[in-house]
Amino acid sequence: MTQDQWGSIRNELHQTMGANSFQSWIEPLIYVGTDGGIARFNVPTNFLGNYVSQNYGDMLLSKITRMNPSVRRIVFDTVTVSQDAPAQRKEAADATGAPLAVPQVHTKSSAKPDSLNGSPLDKRFTFDTFVVGKPNELAHAAARRVAEGGPVTFNPLFLYGGVGLGKTHLMHAIAWELRTRHPHLNVLNLSAEQFMYRFVQALRDRKMMDFKELFRSVDVLMVDDVQFIAGKDSTQEEFFHTFNALVDQHKQIIISADRAPDEIKDLENRIRSRLQSGLVVDLHPTDYELRLGILQSKSEMYSRMYPGLEVERGILEFLAARIVSNVRILEGALTRLFAFASLVGKPISMDLTQECLTDILRVSERKVSIEEIQRKVADHYLIRHSDLVGPKRVRTFARPRQIAMYLCKQLTTRSLPEIGRHFGGRDHTTVMHGVRRIEELRKQDAQIAEDVELLRRSLEA
Ligand SMILES: Nc1ncnc2c1ncn2[C@@H]1O[C@H](COP(=O)(O)OP(=O)(O)OP(=O)(O)O)[C@@H](O)[C@H]1O
């Protein structure tokens, strides 16, 4: 297997595994080469090698053999790499005898801040790239406040929300900001899973004192996906002590989870109440405007990467309306779209979008029918269905008709001629005109924008 092939397997895993698991277990692997059917990787500790081999070995081998059928086995060799790390980290590392096995303490002075077993900070996850909308404005404001440093006002900051809504992004943004504003602070950012493995390892190696010392010496502790420790009794216990020790020293703690503290099952009550004792804020599911804002911001970035690639009108609006699941999928769709369009050398049109994203669009396809849309719109504007689809062109009927056409285009996969047929056999150009008119009016007329949004929500519900 070549380094390039390993590179593309890594990229694939990065997309599919989730940032935390990838950073903990795959990123530290250093591919050395393949010899005699054996693909060799260097790993920083035995622990990591064993863990990857047991948990990801089969999956890695199958991906590697798909690339290179001559590979029959994977071997992990433990190679201790010396690195320039902060003094305090070094001490802990020396004491454990496993230099790279301790979590990363991020400091500006660290020459190689993104270590193997902590969570490296993602360069893309800053406040600058975080798009703020109604669903996340409170979480964003709280994160900004914490990122200023200064006296601790709420401890912990507990951020929660569903998959892919920006928790990790905000945590990393806080860490980046703290690094810039207060480079002397030790900011430790890790997942609850990593906390547990470090704890288990310290127990096993009888290095609990070092473990405690290390965790109690940080200035800001950030723990992602804390729901992971539920049901793991001794990890909870240790987490509780770490938590208390830091709060007592007025050190900031930031926690994220996929649900609110009182919804995490098998969590000890004393931990639950500790987690609730600061500020608990949630990231709500995205709304249309936020999705559109995110798409616009990413699309600007891609336009710089692919100069000259045109995105036709209405495409971003279409994606924002159709892909409602989570931001990660939304981003993935846009990435694919730009890559595909640049490969085939065509502008991003509706046809190209439908062709390139068939699978994503199919999954996110709502079961909204044209009839349902017509019924809702007619009810909303207190007009009869027959007038909505009939020939009369007075504004009281024409505007709701255009809104209904617009929603049909956004919320169903029906083509313009099909939509036209449902509106009294109108031509597809009439439908297109209606859709465009509403696109424009949404920007100029607050009442129409609100009506469209209300209707969309009630159809999505
Ligand atoms: N408001 C936003 N602005 C810009 N990008 C966003 C926003 N919300 C989420 N994203 C992007 O969506 C992707 C997923 O976000 P993130 O990894 O932070 O989600 P998460 O809530 O931590 O999810 P999980 O629970 O799966 O870990 C990231 O690429 C992130 O940059």
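Every chain is numbered independently, its residues counted from 1 as its sequence is written. With pLDDT at 70 or above as the cut-off, local features in this predicted model cover only qualifying residues; side-chain atom pairs require 80 or more to be listed or tallied, and sums for whole chains, interfaces and linings still use all residues. Hydrogens and water molecules were not included; the side-chain quantities draw on all heavy atoms of the structure.

(A) View of the side chain of glutamine 252. Numbering goes from the N terminus for both helices and strands, where a helix is a DSSP run of H or I of at least four residues and a strand is a run of E of at least two. Of note, glutamine 252 is situated in strand β8 (residues 252-257). Take glutamine 252: its relative accessible area is 9%, and that puts it in the buried class. Reaching out from glutamine 252, the side chain makes a polar contact with the backbone oxygen of phenylalanine 154 at a distance of 3.1 Å. Every residue pair with non-hydrogen atoms within 4.5 Å of one another is taken to be in contact. Those residues in contact with glutamine 252, other than ones at most four positions away along the chain, are Val146, Val152, Phe154, Asn155, Pro156, Leu157, Asp219, Val220 and Leu221. Summary of the burial criterion: residues with accessible area below 20% of their type's maximum are buried, those above 50% are exposed, and those between are partly exposed, where the area comes from a 1.4 Å probe applied to protein chains only. Within 3.5 Å is the distance limit for a polar contact, defined as a pair of N or O atoms, with the added protein rule that one can donate a hydrogen and the other accept it, and that residues adjacent in sequence qualify only through two side-chain atoms.

(B) Highlighting the nonpolar core. Membership of the largest hydrophobic core comes to 51 residues, with the highest contact counts inside it found for Leu319, Leu337, Ile348, Leu357, Ile373, Leu407 and Phe423. In terms of residue count, helix α18 (residues 395-411) provides more of this core than any other element does, eight residues in total. The residue makeup of this core includes at least three contributed by each of domain 3 (288-363) and domain 4 (370-460). To define a nonpolar core, start from buried Ala, Val, Leu, Ile, Met, Phe, Trp, Tyr and Cys residues and group those joined through side-chain atoms within 4.5 Å. If you look at the next biggest cluster of nonpolar residues, it comprises 31 residues, including Tyr160, Ala202, Val226 and Ile229. Each domain's extent is set by a domain assignment, obtained either automatically or from a database.

(C) Focus on the packing of aromatic side chains. Pairing of aromatic rings covers Phe, Tyr and Trp, the last through its six-membered ring, and needs centres within 6.5 Å; plane angles under 30 degrees mean stacked, over 60 mean edge-to-face, and all others mean tilted. Enumeration over the complete set of coordinates arrives at 18 aromatic pairs. Where tyrosine 302 meets tyrosine 306, the ring centres are 6.3 Å apart and the plane angle is 35°; that geometry is what we call tilted. Their ring planes at 20° and their centres at 5.9 Å tell us that tyrosine 306 and phenylalanine 338 sit as a pair that is stacked. Note that tyrosine 306 is positioned in the loop between α11 (288-305) and α12 (315-322) and phenylalanine 338 in helix α13 (residues 327-344), a separation of 32 residues in sequence.

(D) Spatial organisation of the sheet that holds strand β2 (residues 38-43). Across the sheet, three strands lie side by side as β1-β2-β3; this open sheet has mixed pairing. Looking along the sheet, the strands with just one partner apiece sit at the ends: β1 (30-35) and β3 (73-78). Across the sheet, the axes of successive neighbouring strands diverge by a mean angle of 25°, strand direction being ignored. Examined bridge by bridge, β2 and β3 share six bridges and lie parallel to one another. Note on β3: the bridge partner recorded for asparagine 42 is aspartate 77. Running over the sheet, helix α3 (residues 46-67) touches β2 and β3 and is turned about 155° from β3. The criterion for strand pairing is that DSSP finds at least two bridges linking the strands in question. Axis definition: a line fit to C-alpha positions, over the contact stretch in the case of helices; interaxial angles, taken between N-to-C directions, run 0 to 180 degrees.

(E) Just the packing of helix α7 (residues 192-204) against helix α8 (residues 208-216), in detail. Running from N to C, α7 and α8 cross one another at 145°; their axes reach a closest spacing of 8 Å. Of the residues in α8, those in contact with Phe195, Arg198, Phe199, Ala202 and Leu203 of α7 are Met208, Phe211 and Phe215. Classification convention: Asp, Glu, Lys, Arg as charged; Ala, Val, Leu, Ile, Met, Phe, Trp, Tyr, Cys, Pro as nonpolar; all other residues, Gly among them, as polar. Residue composition of the contact of α7 with α8, grouped by class: seven nonpolar, no polar and one charged.

(F) Just the site of the ligand, in detail. Taken together, 18 residues lie around the ligand, and Val131, Gly164, Thr168, His169 and Glu331 are the ones closest in. Arginine 328 has a polar side-chain atom sitting 3.0 Å from an oxygen atom of the ligand. At 2.7 Å, a side-chain N or O of glutamate 331 approaches an oxygen atom of the ligand. Within the complex, the protein chains bury 92% of what would otherwise be the 630 Å² of accessible surface of the ligand. Listed by contribution, the elements that provide at least two residues to the shell around the ligand are α6 (167-181), α11 and α13. Here the shell around the ligand spans two domains, since at least three of its residues come from each of domain 2 (127-282) and domain 3 (288-363). Any residue with at least one heavy atom within 4 Å of a molecule or strand is counted as near it. Working definition of accessibility: Shrake-Rupley area with a 1.4 Å probe, residue cover restricted to the visible protein chains.

(G) Structural context of the packing of α12 against α13. The geometry of α12 relative to α13 is characterised by a closest axis approach of 10 Å and an angle of 145° between their N-to-C directions. Where α12 crosses over α13, the two elements pack in a sense that is right-handed. Residues Ile315, Leu316 and Leu319 of α12 form the contact with α13, whose participating residues are Leu330, Leu334 and Leu337. Per-class residue counts for the contact of α12 with α13 are six nonpolar, no polar and no charged. Handedness of a crossing is defined here by the sense of rotation of the near helix relative to the far one, left-handed for an anticlockwise turn of less than a right angle and right-handed for a clockwise turn.

(H) Quick peek at the pattern of salt bridges. Note on definitions: salt bridges are taken to be side-chain nitrogens of Lys or Arg within 4 Å of carboxyl oxygens of Asp or Glu. The tally for this structure, following the rule as stated, stands at 19 salt bridges. Residues arginine 181 and glutamate 177 are paired through a salt bridge, measuring 3.0 Å at the closest nitrogen-oxygen approach. Within this pair, arginine 181 and its partner glutamate 177 are both found in helix α6, separated by four residues, close to a single helical turn. In this structure arginine 181 comes out as partly exposed when scored by relative accessible area, which is 45%. For glutamate 177, a relative accessible area of 21% translates into the label partly exposed. The network of salt bridges with common partners includes Glu237, Glu268 and Arg270.

These figures come from the coordinates and say nothing about function on their own.
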